[in-house]
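Breakdown of the fold
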Amino acid sequence: MVTQHPRITREKKTIDKMVHVYCKAKHNTKDNQLCDDCSEFLEYAFLRLEKCPFQEEKSTCGKCLVHCYQPEMREKAKQIMRFSGPRLIYKSPVLALHHVFDGRKKALTLKEFKNKQNT
């Protein structure tokens, strides 16, 4: 198994929490369960994070200049983030604060990222 950078691990925890908050409120799921649609989205989001070329250098996906999400999934992510983002501060304040700080990080282009790696 490939070890992940702590930044990606934290990002996975954040998206997992946000999807659970969204699904519970919008789809009336119980006991930390997800509906099929939300489970499919979360699996997709985890896969995208694992394949992210920026890894520890990444900003939040919403600020990224490389859009690796399919348009339909990107819209779903926006819905989930808009709903869950403000509620995350009550559900998981540490993750919420990390997400805010990560979002303030300047998003790199692939060219900038590759140049940074070569120096």
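Report on the accompanying structure. (Residues numbered from 1 in each chain as written. Predicted model: local features only at pLDDT ≥ 70, side-chain atom pairs only at ≥ 80, totals over all residues. Heavy atoms only, no water.)

Looking only at helices and strands, the protein chain features 5 helices and 0 strands. For the protein chain, the α and β elements follow one another from N to C terminus as α-α-α-α-α. For the protein chain, with 119 residues in total, the buried portion stands at 38%. Once local pairs closer than 6 in sequence are excluded, the contacts in the protein chain between residues at least 24 apart make up 75%. Accessible surface, the protein chain as shown: approximately 8,000 Å² in total, 53% of it carbon and sulfur. (Helix = DSSP H or I, 4+ residues; strand = E, 2+ residues; numbered from the N terminus. Buried < 20%, exposed > 50% of the residue type's maximum accessible area, 1.4 Å probe, protein only. Contact = heavy atoms within 4.5 Å. Areas by Shrake-Rupley, 256 points an atom, 1.4 Å probe, with all protein chains shown as cover.)

This part is about the packing of aromatic side chains. Counting across every chain of the model gives 3 aromatic pairs. Look at F41 and Y69: their rings are 6.4 Å apart centre to centre, the planes differ by 55°, and that puts the pair in the tilted class. Of this pair, F41 sits in helix 2 (residues 36-50) while Y69 sits in the loop between helix 2 and helix 3 (71-91), and the two are 28 residues apart along the sequence. Both residues of the pair, F41 and Y69, belong to the buried class. Relative to Y69, the ring of Y44 lies with its centre 5.3 Å away and its plane at 90°, an arrangement referred to as edge-to-face. (Phe/Tyr/Trp six-rings, centres within 6.5 Å; stacked < 30°, edge-to-face > 60°.)

In a regular helix each residue adds 1.5 Å, so 22 residues correspond to 32 Å; helix 1 (residues 6-27) covers 31 Å between its end C-alpha atoms and thus fits that length. Every buried residue of helix 1 is listed here: R7, I8, E11, K12, T14, I15, M18, V19, H20, V21, Y22 and C23. Looking at the packing, one finds that the buried side of helix 1 touches helix 2, helix 3 and helix 4 (93-103). (Expected span 1.5 Å × (residues − 1).)

Despite not being glycine, N28 has its phi angle at roughly 55°, a positive value. The exposure class assigned to N28 is exposed, which follows from its relative accessible area of 57%. Here N32, not a glycine, exhibits a phi torsion of approximately 65°, which is positive. Structurally, N32 is set in the loop between helix 1 and helix 2.

Assignment of secondary structure puts S84 in helix 3. In this structure S84 comes out as buried when scored by relative accessible area, which is 1%. Other than its neighbours up to four places away in sequence, S84 contacts M18, V21 and Y22.

With that settled, the discussion passes to the layout of surface pockets. Approximately 540 Å³ is the volume attributed to the largest pocket. Around the largest pocket, the lining comprises 29 residues; the ones closest to its centre are T60, C61, G62, A77 and M81. Secondary-structure elements contributing two or more residues to the lining of the largest pocket are helix 1, helix 2 and helix 3. If one sorts the elements of the lining of the largest pocket by residue count, helix 3 sits on top with 6 residues. Per-class residue counts for the lining of the largest pocket are 15 nonpolar, 7 polar and 7 charged. A volume near 230 Å³ is recorded for the second largest pocket. Around the second largest pocket sit D16, K17, H20, V21, K24, A25, T29, K30, D31, N32, Q33 and K91, which together line it. Element by element, the count of residues in the lining of the second largest pocket is highest for helix 1, at 6 residues. (1 Å grid on protein atoms, 1.4 Å probe; cavity = no way out; pocket = protein on both sides within 12 Å on 5 of 7 lines; lining within 4 Å. Points joined across faces, edges and corners; volume = space filled by probe spheres on them. Nonpolar A, V, L, I, M, F, W, Y, C, P; charged D, E, K, R; others polar.)

Purely geometric numbers; function is a separate question.
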